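What follows is each chain in one-letter form.
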Amino acid sequence: GQVLHVEARLSPLDPARGYRFWIEAADPGRRIKSAEVEVPQRSNPEKWKPTEAQQWCASLRIPELQKVVVQYCMDGSTLLALQDEDLKSLGLAAPFLLRRYRAAVEAI
């Protein structure tokens, strides 16, 4: 099978807005559409609804965190208030995952 690799940079994006993206590729006789990717607004993450918090967690590639955010229906303010002890009790014991989470929160 043929592997298609696509990379895109979209800028500047307004942090006050959420976005929905997908990629379409076409060659003679067929069109391919990727899954949609949603990016929540980033200017007020404490106002994220649970679905926006889940989208952000999905982008971090920390499945343990994404699972508990869905399970407990966490919103943005709850997600941002998590401390290391909370994260560890929720199953994020690996130090590199804790660092990834902290770096992502600081980058918002």
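Before any of the text, the structure's been laid out above.
What you see is a predicted model; the values in this text were computed from it and never measured.

A. Spatial organisation of the side chain of glutamine 41. Tracing the backbone shows glutamine 41 in the loop between strand E4 (37–39) and helix H1 (50–60). Residue classification places glutamine 41 among the buried residues on the basis of a relative accessible area of 12%. The residues contacting glutamine 41, other than those within four sequence positions of it, are Pro15, Ala16, Arg17, Gly18, Trp48 and Glu52.

B. Region of the structure containing the packing of aromatic side chains. Scanning the entire structure with this criterion turns up 3 aromatic pairs. Here tryptophan 48 and tryptophan 56 contribute two aromatic rings whose centre-to-centre distance is 5.6 Å and whose plane-to-plane angle is 45 degrees, an arrangement assigned as tilted. Take tryptophan 48: its relative accessible area is 2%, and that puts it in the buried class. Here tryptophan 56 and tyrosine 101 contribute two aromatic rings whose centre-to-centre distance is 6.1 Å and whose plane-to-plane angle is 75 degrees, an arrangement assigned as edge-to-face. Here tryptophan 56, found in helix H1, pairs with tyrosine 101, found in helix H5 (residues 95–107); they are 45 residues apart in sequence, far enough to count as distant. As far as burial versus exposure is concerned, tryptophan 56 and tyrosine 101 are alike and both buried. An aromatic cluster is present here, built from Trp48, Trp56 and Tyr101 joined pairwise through their rings.

Here is what the cut-offs are and how they apply
- Residues numbered from 1 in each chain as written.
- Predicted model: local features only at pLDDT ≥ 70, side-chain atom pairs only at ≥ 80, totals over all residues.
- Heavy atoms only, no water.
- Helix = DSSP H or I, 4+ residues; strand = E, 2+ residues; numbered from the N terminus.
- Buried < 20%, exposed > 50% of the residue type's maximum accessible area, 1.4 Å probe, protein only.
- Contact = heavy atoms within 4.5 Å.
- Phe/Tyr/Trp six-rings, centres within 6.5 Å; stacked < 30°, edge-to-face > 60°.

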